[in-house]
Structure formats: structure tokens, C-alpha cells
Amino acid sequence: MDFDQNVLEELRRRVTMPGDPHKINTEIFSLMLWYRTKLLENLLFHGRVVDNKIAVMNGPFKDLILQLPCNAGSLLPMVLGCYEHELHPFVAEAIHRNYKHVVNVGCGDGYYTVGMAMRMPQTQFSGYDLNPKAQVGCKAVAALNNVADRVHVGGEFRGEDFTKLPPKDTLVICDIEGGEDELLDPGKFPALKQMDVIVELHEVYKPGVTQRLKDRFATTHNFTLVPHGPKIVKLPIQLQGMSEVDEFLFCHEGRGGPTPWGIIIQK
Ligand SMILES: C[S@@+](CC[C@H](N)C(=O)[O-])C[C@H]1O[C@@H](n2cnc3c(N)ncnc32)[C@H](O)[C@@H]1O
């Protein structure tokens, strides 16, 4: 059975399922979203995937080689280079600051860890992720992009680990689905007082986390809140002129609610 037929079968199964119509409709919507996204991936990847590898086409990590399948993040915007475009100016600034060490907590397959390592040849990197598949992916992506000698990959990162990092000139990039509330506490982990931080804030899981982080860092750091902006995508010429919904899906990041970022820089 081919892909379309399989999805149609799954749709029929869900349509005829007894249960709460709202829940079933929502599940069908998610299935159709996934289906359409897969079709767009096929269109974009056609002729661009070689040996399960694809190069990022634009943005701050242009030419970064990604390995498929990816275990984290949203593949279409990552490949197109518009993933989390709101952060692009801050990524550029971080690259310019030329930190000695960048630690990426929740590194996934290394989009940020390896992408930044490519742009910062003097900097040491460490990427941590609980997911063993992401750890393997991040190591592989580091090797593919010739930065494995400067990228250490590990599993769980705990607050105590901040003391093992160089005490100065360290940037922390953190995206751990609400875990930032426990981790980013300079009261408990004083080493953080001398580090800069870029954090994705998961109010959806930890209501009030933004204000708590602002308060905790208020005496030592400036805090810039970066909200979501409108989606912007530059599609290759062959994919231009598609429907508005498809254009949106190319840069859809699948967020369940607002996840702004905090840019927390030492005063
Ligand atoms: C949303 S994903 C990160 C995606 C990544 N920032 C990207 O854009 O490619 C969040 C990841 O955080 C990891 N995680 C959560 N808590 C962690 C911790 N304390 N140490 C290391 N990884 C953690 C999870 O395993 C998950 O893969």
C-alpha cells in the first residue's frame, strides 16, 4: 500500500471511531497536517537529499549538513533556514561575541550546537540531550560538518554541571520544554551569574517562568524578551506560487502555544 492509501485508511479508521467528536476531529486535523507536511517535505527534498543528508539552504546556518531522520525540531523550516527566525539577530550577535564555550542544553540533533560551531571556529561546544537518538544524531552531524573535535555530546545536564564549564565567556543555549524553570536559577547555581543565556520559555508547561527568570537574573543581567513574529519563508523558485496554507506549512514549527525566548546578557 502506498503512502496516500495508508493515510486514507488511517483517516477512515479515525472517522468511524466511536468517541468524543471534538477529540476525533482534532486528531484528524493533526493527521492531515502531518500528511500535508510530508508531501511538502517530499517536494522540497526531491533532488536535495543525498545519502540521507541534506544541506540547510539559507539563514545563519546555511550549508550545515543535516542527517535524516531528525529527532528534534521542525525539519522543513530548518532546511529552508527560517527556523526560529526571530532568533537570527541574536544568533548573529552571539557568533560575533566569540564566546570561549557554548553549552546547548536540549541540543536535539545539533542544529544550534553544530550550526554555531561551524560559524565559531575558536569556540568549544557541548550539546546535551536526554534522548539517546538525539545524542547519536548530534555526534553524527558534528562529524559530517567537520567540527567533531570541538563538540562534546552528553546526556542529562543538571544545574551542578554549570560549575564544570569555564567560569567566564560561556553562553548557555537552553530549550528543554519547561525544565528551564529548575535549571536557570543563579541562586542555586551561582556559576550562571557569569554566563549569558538564550532560553526558549515554555509558559505552556511552566506558567510564570518568564517572570521568574527575569526576577532571578535582574541584578546581574539584562533581559530581552523575544516574542514570536510573523512567519517568513524564502522558497526555491520551483516551489513558489503554492497555496497560502502550503506556504505557511513550509515554515510551521508545530508549537502548541507561545514559546518566546529570553536573551539574558550580563550587565
Ligand atoms: C524541543 S527539544 C530541543 C530541540 C532543539 N533545540 C532544536 O531546535 O533542534 C527539547 C529536548 O530537550 C531535552 N532535554 C530536556 N531536559 C533535558 C536536560 N536536563 N538535559 C539534557 N536534555 C534535556 C529533551 O530530550 C528534548 O530532546
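So, here's what we can say about the structure. (Residues numbered from 1 in each chain as written. Predicted model: local features only at pLDDT ≥ 70, side-chain atom pairs only at ≥ 80, totals over all residues. Heavy atoms only, no water.)

**Overview of the overall build of the protein**
Right, on to step 1. A tally of helices and strands in the protein yields nine helices and nine strands.
Right, on to step 2. Here the C-alpha radius of gyration of the protein, 20 Å, is about what a compact globule of 267 residues would show, namely 18 Å.
Right, on to step 3. Sorting the 267 residues of the protein into buried and exposed places 46% on the buried side.
Right, on to step 4. Of the contacts made within the protein by residues no fewer than 6 positions apart, 70% connect residues no fewer than 24 positions apart.
Right, on to step 5. Total accessible area on the protein is roughly 13,600 Å²; 56% of this is exposed by carbon and sulfur atoms.
Right, on to step 6. The protein carries 28 positive and 33 negative side-chain charges, and their two centres are separated by 4 Å. (Helix = DSSP H or I, 4+ residues; strand = E, 2+ residues; numbered from the N terminus. Rg over C-alpha atoms; globule rule 2.2 N^0.38 Å. Buried < 20%, exposed > 50% of the residue type's maximum accessible area, 1.4 Å probe, protein only. Contact = heavy atoms within 4.5 Å. Areas by Shrake-Rupley, 256 points an atom, 1.4 Å probe, with all protein chains shown as cover. Lys, Arg positive; Asp, Glu negative; His and termini not counted. Charge placed at Lys NZ, Arg CZ, Asp CG, Glu CD.)

**Focus on the side chain of H85**
Right, on to step 1. With respect to the helices, strands and loops of the structure, H85 is situated in the loop between α3 (75–80) and α4 (88–97).
Right, on to step 2. A polar atom in the side chain of H85 sits 2.9 Å from the backbone oxygen of P230.
Right, on to step 3. Apart from the residues lying within four places of it in its own chain, the contact partners of H85 are G229, P230, K231 and I232. (Polar contact = N/O pair within 3.5 Å; in protein donor to acceptor, adjacent residues only side chain to side chain.)

**A short note on the sheet that holds strand β9 (residues 261–266)**
Right, on to step 1. Overall, mixed pairing links the seven strands, which are arranged β5-β4-β3-β6-β7-β9-β8 in an open sheet. Where the open sheet ends on each side, the last strands, each with one partner, are β5 (151–154) and β8 (221–226). Put simply, the sheet's adjacent strands are angled 15 degrees from each other on average, direction ignored.
Right, on to step 2. Across five bridges, strand β3 (residues 101–105) lies against strand β4 (residues 124–128) in parallel orientation. For V105, the partnering residue across the bridge sits in β4 and is Y128.
Right, on to step 3. Running at roughly 170 degrees to β4, helix α5 (residues 111–119) makes contact with β3, β4, β5 and β6 (170–174) of the sheet. (Pairing = 2+ DSSP bridges. Axes fitted to C-alpha atoms, helices over the stretch in contact; angles between N-to-C directions.)

**A word on the site of the ligand**
Right, on to step 1. Close contacts around the ligand come from 15 residues, with Y83, D129, L130, F157 and D175 the closest.
Right, on to step 2. Within the backbone of G106, one N or O atom sits 3.2 Å away from a nitrogen atom of the ligand.
Right, on to step 3. Between a nitrogen atom of the ligand and a side-chain N or O atom of D175, the distance comes to 2.9 Å.
Right, on to step 4. Out of a free accessible area of 600 Å², the ligand has 84% covered by protein chains.
Right, on to step 5. In terms of residue class, the shell around the ligand is made up of eight nonpolar, three polar and four charged. (Near = heavy atom within 4 Å. Nonpolar A, V, L, I, M, F, W, Y, C, P; charged D, E, K, R; others polar.)

**Description of the pattern of salt bridges**
Right, on to step 1. Under the definition given, this model contains 20 salt bridges.
Right, on to step 2. In this structure, the salt-bridge partner of R212 is D181, at a minimum N-O distance of 2.8 Å. Taken together, the residues R212 in helix α8 (residues 209–217) and D181 in helix α7 (residues 180–183) connect sequence positions 31 residues apart.
Right, on to step 3. With a relative accessible area of 31%, R212 lands in the partly exposed category. (Salt bridge = Lys/Arg side-chain N within 4 Å of Asp/Glu carboxyl O.)

**Regarding the nonpolar core**
Right, on to step 1. Counting 50 residues, the largest nonpolar core has L44, Y111 and M116 as the members making the most contacts within it.
Right, on to step 2. Apart from the residues lying within four places of it in its own chain, the contact partners of M116 are F61, V91, A94, I95, F125, L171 and I173.
Right, on to step 3. If you look at the next biggest cluster of nonpolar residues, it comprises 20 residues, including F157, F189, L192 and L201. (Core = buried A, V, L, I, M, F, W, Y, C linked by side-chain atoms within 4.5 Å.)

**As for helix α2 (residues 21–45)**
Right, on to step 1. Its 25 residues give α2 an end-to-end C-alpha distance of 36 Å, which sits within 8% of 36 Å, the value for a rise of 1.5 Å per residue.
Right, on to step 2. Among the residues making up α2, those that are buried are I24, I28, L31, Y35, T37, L40, E41, L44 and F45.
Right, on to step 3. Those residues of α2 that are buried are in contact with α1 (3–15), β1 (53–55), α3 and α9 (244–250).
Right, on to step 4. Two to three positions downstream of the cap, the backbone nitrogen of H22 sits 3.1 Å from a side-chain oxygen, assigning the N-cap of α2 to D20.
Right, on to step 5. Just beyond α2, the residue with positive phi is G47, at close to 80 degrees. (Expected span 1.5 Å × (residues − 1).)

**What to know about the packing of α4 against α5**
The packing of two helices is summarised by the inter-axis angle and the distance between the axes.
Right, on to step 1. The interhelical angle for the contact between α4 and α5, taken along N-to-C directions, is 50 degrees, at an axis separation of 10 Å. Relative to α5, the element α4 lies oblique. The two elements α4 and α5 cross, and the hand of that crossing is right-handed. Together, V91, A94 and I95 of α4 and Y112, M116 and R119 of α5 make up the contact between the two elements.
Right, on to step 2. Per-class residue counts for the contact of α4 with α5 are five nonpolar, no polar and one charged. (Parallel < 35°, antiparallel > 145°, perpendicular 65-115°, else oblique. Left-handed = near helix turned anticlockwise from the far one by under 90°.)

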